[in-house]
Amino acid sequence: MKATKRILSIFFIIITVTVAVIYFYTKFTLPNYKSNYKVLGINSKIKIYRDQFAIPHIYAQNQDDLAFGMGFVMAQDRLWQMDLFRRVATGKLSEIFGERTLEADRFAKIMGFQRNSVSAIQTFSSKEMSYLKAFVQGINNYIQSCANELPLEFTVLSYKPTPFTIEEIIALSNFQAYASNHNWKYEMMRSQAIDELGEKKGREFVPALTFNGPFMTKPNFHKANEGTPSNRNFSNISTFQKEIKRITDKAILQADSIINQLTGIQANEVHSNFWLVSGKRSESGKAILANDYHMPLLLPSLWYEVHLVSPEIDAIGITLPGYPTIVAGHNQHIAWGATTSGVDTQDLVFEKLNPNNSNEYLYNNIYYPFEIIEDSINYKSDNGLQTEKISIKISRNGPIINSLTRDLVSKGNPVSFRSIKNATEGQLTFCMNLYKAKNWMEFKEILSYVKTPIWNWGFADKNGNIGYKLNGEIPIRLEGYGLEPIPGWTDEYDWNGTIPFEELPEIYNPKIGFIVSANNEIVDEKYKYLLFGSNFQLPYRAIRIAELLEKKGKINQEDMKIIQSDIYSEYGLKLAQIILETNSDKQDEKIKLSKLSSYLQSWDGITHTESVATTIVQEFMVTLLKNTFANKVSKDLYGQFIKFGNLNYAASVLLLKLNDESQNKWFDNPNSEVIESKNQTIIKSLIEVYDSLTLELGEDLNDWKWGEIHRVEFKHQMGNIAPFKWFWNTTSKGYSGDLSTINPGTFTNIHNKPYHVNLGASMRHIIDFGNTDNSNLIITTGQSGRWLSPYYKDQENLWYNHKYIKVNTNKDILKNVVIGITVLEPLVE
């Protein structure tokens, strides 16, 4: 007994000492915001004011020095996160994480995020190169000057950051351009569904959806069946199906999953909102913009807040760690924001090999040689740093992605990844000039340079004008809709140029006085070109925003805040109605159904944390998805179905099946001896809901509160490892909303309760040009990625409670809240 106590005491002492050492080391290495530095690479003095939330307000005499200052402060606050992101893009994760991330590194090398940055750099002007050089110098100057205050993560993982390069910064942009599109996942999933279920049923399982509006470009036009999901017709590309030997390449999905686990980022649908109110509809008589990006909820936050000021520039907003410009924000003349469009700029292409030479592929009856690139990946092991050689093959369509398996052709046809060439071209031109843009015409002109990502852009200006424009290079396909993998040995499925920028959809000052974008459909069937991916998002956010705006007379900034926090679920009400209409002849089932229904009869659709009705409806969705689809396809395919689109796509398909009587066969369980009807499967699911929630939350239905099983917690990338998981993560809290609410609470792991919200409003931005000194901004956690920094999670409670930071660009007001000033002065050699 005494020995046991002695061992426990020693263990406790060791833990206490370890935690104390980590604590004091971390405190010692926090960056100093009150300091002066002599640095190389700047033209004149840079002053950086940190406000009460440690947001840097950078004052410089020219744009290059602003870039230098931006690189410096970003490294101060987020250096390890920046290093992690660049390792994702350049295929260097395994240098610090070992063999478990090799798939992710192979993927980055094969996709060529860094390789393609070389050709992208050749398109930059001397002014753009000078700006990028200054940004990189700012990062590297911090690494060199402040080597004694590097983040704790470098010490824990036993490595030091190497200097950043321009190529790496552009590689990160290439990765972001890839991650903003996701259609390849649906092509792969649809291809696997056809393999498992046959062509007809496979396409029914992964349908191309339309919701019949609302359409962004027609705010006054509403179809009678608006918001109702239905099928789009497929192109007939089945004639070549028997000619190929398929391979469903799990390696690319595994790589994507690893990247997501480490960084929270993956190629997936991200949801966002913006809405714009013109001066005619606002109380101030000026335009108002509201924008929120529904992206991964990370710790540190995905976003970084920054204010840039020079004689020509005065812009504030958010950017990504490692990205050299502001992504969304405002200057003194205009405000801008964006949502993802869902437009497809990717194709998976099956290639045919020369049977006599596996280094050649067929195109229009001629065999062409693959471009072959030899590369390598360094990875950490018990025996020190090891090297893996990889051979990358590239056809005219793009890199061969099933070479991730290191078994290129023996199991099936090679699959190439076709995407926009030089995808990041024009991004820097756009962002550098955006700081200075003053009106709609200037905004459109600089937007025309951007190839990808294909986003819906919202615009508002100080004169009361509002506008919307779709940007980017959108391919015109000779055949097909890009919904399934296509044959690469013929020119029938080639891309025939891109849609001219002048013909891309736009709106300017619509009569209704507002514009809404919530990942809803952009144009109807009358538009001359195809703007289509696998699906758009559930349209209920767009419908709800428009309804709330229409109800108001004149709109003010407070109204915009209320709308951003709205948690009304039209989707939930549709499921609730189905439950209320369900009856059973069995007495025991009837009792349980009656108890469930009693909480839904007067439910108003508000998904707050105390709502029992929300719990019932959401659990019903999860259970009915399982009972409708999981028994018909492989576990792997069902997992893709749930995760792709962050559950939104699966929820849309489920609603389609529930509404369309011709789809009733989907509710039969093929593994049972009887044929189940839709009603029987719904009853079975509801009884399972009742029993599952009773087991989880108890027999008193009043305790079935949504916040009990719907939680949000911000986890550091290393937050699953002891001892860091005890203090690096935030506290788990009940969270409101669902996948279809304006303020969303989306979860994708439906197999374990509580459901953890992994995607939501990662930032919120509101500006009324009637009072620019009262503009609002908030991110999820804080500016700093440093544990123990006062700014590590000081914005979390504000974000959680739908509060905002009041940000302004008035230097006199700023001086009253400054917590530190950093001065960078030129070092004369």
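Residues numbered from 1 in each chain as written. Predicted model: local features only at pLDDT ≥ 70, side-chain atom pairs only at ≥ 80, totals over all residues. Heavy atoms only, no water.

Thoughts on the overall build of the chain
Argument step 1. Within the chain one finds 24 helices and 33 strands.
Argument step 2. Computed over its C-alpha atoms, the radius of gyration of the chain comes to 27 Å, within 12% of the 28 Å expected for a compact globule of 829 residues.
Argument step 3. Along the longest, intermediate and shortest principal axes, the C-alpha atoms of the chain span 85 × 80 × 70 Å.
Argument step 4. Burial status across the chain gives 63% buried among its 829 residues.
Argument step 5. Summarising the internal contacts of the chain: among those between residues at least 6 apart in sequence, 73% fall at separations of at least 24.
Argument step 6. For the chain, the distance from the average site of its 86 positive side-chain charges to the average site of its 90 negative ones is 4 Å. (Helix = DSSP H or I, 4+ residues; strand = E, 2+ residues; numbered from the N terminus. Rg over C-alpha atoms; globule rule 2.2 N^0.38 Å. Buried < 20%, exposed > 50% of the residue type's maximum accessible area, 1.4 Å probe, protein only. Contact = heavy atoms within 4.5 Å. Lys, Arg positive; Asp, Glu negative; His and termini not counted. Charge placed at Lys NZ, Arg CZ, Asp CG, Glu CD.)

Concerning the packing of helix α6 (residues 126–145) against helix α8 (residues 166–179)
Argument step 1. At a minimum axis distance of 9 Å, the contact between α6 and α8 shows a crossing angle of 100°. It follows that α6 is roughly perpendicular to α8 by the angle criterion. Contacts between α6 and α8 involve Met129, Leu132, Lys133, Phe135, Val136 and Ile139 from the first element and Ile166, Ile169 and Ile170 from the second.
Argument step 2. Of the residues belonging to the contact of α6 with α8, the class tally is eight nonpolar, no polar and one charged. (Axes fitted to C-alpha atoms, helices over the stretch in contact; angles between N-to-C directions. Parallel < 35°, antiparallel > 145°, perpendicular 65-115°, else oblique. Nonpolar A, V, L, I, M, F, W, Y, C, P; charged D, E, K, R; others polar.)

Description of the sheet that holds strand β26 (residues 514–517)
Argument step 1. As summarised here, the arrangement of the six strands in space is β26-β6-β7-β30-β31-β32, forming an open sheet in which the pairing is antiparallel. Lying at the two open borders of the sheet, with one neighbouring strand each, are β26 and β32 (805–807). Strand-to-strand, the axes of this sheet are offset by a mean angle of 15°, without reference to chain direction.
Argument step 2. In this sheet, strand β30 (residues 759–768) lies alongside strand β7 (residues 288–296) in antiparallel orientation, the contact comprising nine bridges. Across the sheet, residue Ile288 finds its bridge partner in β30, namely Asp768. (Pairing = 2+ DSSP bridges.)

Considerations on the sheet that holds strand β14 (residues 357–363)
As a general point, the strands of a sheet are linked pairwise by backbone hydrogen bonds and lie either parallel or antiparallel.
Argument step 1. What the three strands build is an open sheet, ordered β13-β14-β15; its pairing is antiparallel. Strands with a single pairing partner mark the edges of an open sheet, and in this sheet they are β13 (353–354) and β15 (366–369).
Argument step 2. Relative to β15, β14 runs antiparallel, the two sharing four bridges. Within β15, the position partnered with Glu360 by the bridge is Pro369.

Section: helix α20 (residues 648–659)
Argument step 1. For α20, spanning 12 residues, the distance from its first C-alpha to its last is 17 Å, which sits close to the expected 16 Å at 1.5 Å a residue.
Argument step 2. The buried count for α20 comes to 11 of 12 residues, which makes it a mostly enclosed element.
Argument step 3. Among the residues of α20, Asn648, Tyr649, Ala650, Ala651, Ser652, Val653, Leu654, Leu655, Leu656, Lys657 and Leu658 are the ones counted as buried. (Expected span 1.5 Å × (residues − 1).)

Some words on the pattern of salt bridges
Argument step 1. Applying the stated criterion across every chain yields a total of 35 salt bridges.
Argument step 2. Glu688 is paired through a salt bridge with Lys626; the nearest N and O atoms lie 2.9 Å apart. With Glu688 in helix α21 (residues 678–697) and Lys626 in helix α18 (residues 612–630), this pair connects stretches of sequence that are 62 residues apart.
Argument step 3. Of the residues examined, Lys626 reaches a relative accessible area of 38% and is grouped as partly exposed.
Argument step 4. It is possible to trace a salt-bridge network through shared partners that takes in Asp83, Arg86, Arg87, Lys92, Glu95 and Glu168. (Salt bridge = Lys/Arg side-chain N within 4 Å of Asp/Glu carboxyl O.)

Concerning the environment of Glu673
Argument step 1. Relative to the helices and strands, Glu673 resides in the loop between α20 and α21.
Argument step 2. Given a relative accessible area of 84%, Glu673 falls into the exposed group.
Argument step 3. Spatially, the C-alpha atoms of Glu673 and Asn397 are 48 Å apart, while their sequence positions differ by 276 residues.

Some thoughts on a positive patch on the surface
Argument step 1. Taken together, the side chains of Lys38, Lys45, Lys47, Lys811 and Lys815 present a region of like positive charge at the surface.
Argument step 2. Mapped onto the elements, Lys38 comes out in strand β1 (residues 35–39).
Argument step 3. On the basis of relative accessible area, Lys38 is assigned to the exposed category, the value being 54%. (Patch = residues over 30% accessible without salt bridge, like charges linked within 9 Å, V, L, I, M, F, W, Y side chains within 5 Å. Areas by Shrake-Rupley, 256 points an atom, 1.4 Å probe, with all protein chains shown as cover.)

Considerations on the nonpolar core
Argument step 1. Counting 175 residues, the largest nonpolar core has Trp303 and Phe443 as the members making the most contacts within it.
Argument step 2. Looking at this core element by element, the count peaks at 15 residues for helix α2 (residues 63–90).
Argument step 3. Excluding its chain neighbours within four sequence positions, the residues that come into contact with Phe443 are Ile334, Trp336, Phe430, Leu434, Trp457, Gly458 and Phe459.
Argument step 4. Counting 62 residues, the second-largest nonpolar core is a separate cluster that includes Leu647, Trp666, Phe747 and Tyr755. (Core = buried A, V, L, I, M, F, W, Y, C linked by side-chain atoms within 4.5 Å.)

Here's the deal with the pairing of strand β9 (residues 314–319)
Argument step 1. β9 sits mainly inside the fold: six of its six residues count as buried.
Argument step 2. Bridge analysis of strand β8 (residues 304–309) against β9 gives six bridges, and the strand direction is antiparallel. The residue bridging Val309 from the neighbouring strand is Asp314, located in β9.
Argument step 3. Here β8 folds back onto β9, and the loop between the two strands holds four residues.
Argument step 4. Where β9 meets strand β10 (residues 328–330), three bridges bridge the pair, whose relative direction is antiparallel. The partner of Gly317 across the bridge, within β10, is Gly329.

Structural notes on unusual backbone geometry
Argument step 1. The omega angle of the peptide bond from Thr452 to Pro453 is -5°, so this bond is cis rather than trans.
Argument step 2. Checked against the element boundaries, Pro453 lands in the loop between α13 (440–447) and β20 (455–461).
Argument step 3. Cis peptide bonds are those with omega within 30 degrees of zero, and the linkage from Lys753 to Pro754 qualifies with 5°.
Argument step 4. Following the sequence through the fold, Pro754 ends up in the loop between β28 (733–734) and β29 (755–756).
Argument step 5. In this structure, Asn364 takes a positive phi of about 50° despite not being glycine.
Argument step 6. With respect to the helices and strands, the residue Asn364 is situated in the loop between β14 and β15.
Argument step 7. On the basis of relative accessibility, which here comes to 29%, the residue Asn364 falls in the partly exposed class.
Argument step 8. Positive phi, normally seen in glycine, also occurs at Asn509, with a value near 50°.

Observations concerning the packing of aromatic side chains
Argument step 1. Summed over the entire model, instances satisfying the criterion amount to 38 aromatic pairs.
Argument step 2. With 5.8 Å between their ring centres and 55° between their planes, Phe629 and Trp666 make a pair best called tilted. Of this pair, Phe629 sits in helix α18 while Trp666 sits in the loop between α20 and α21, placing them 37 residues apart in sequence. As far as the burial class goes, Phe629 and Trp666 line up, both buried.
Argument step 3. Counting every residue linked through ring pairs, the aromatic cluster contains Phe430, Trp440, Phe443, Trp455, Trp457, Phe459 and Tyr508.
Argument step 4. Just above the ring of Tyr33 sits the side chain of Arg50; from NZ or CZ to the centre is 4.0 Å.
Argument step 5. Residue placement shows Arg396 over the ring face of Tyr363; its charged tip is 3.8 Å from the ring centre. (Phe/Tyr/Trp six-rings, centres within 6.5 Å; stacked < 30°, edge-to-face > 60°. Lys NZ or Arg CZ within 6 Å of the ring centre and 35° of its normal.)

Some words on the confidence of the model for the chain
Argument step 1. When pLDDT is averaged across the chain, the result is 89; 91% of the residues are at 70 or more.
Argument step 2. Confidence drops under a pLDDT of 50 for residues 405–410, and excluding neighbours within four residues, the segment shows 13 contacts in the predicted structure. (pLDDT = per-residue confidence, 0-100.)

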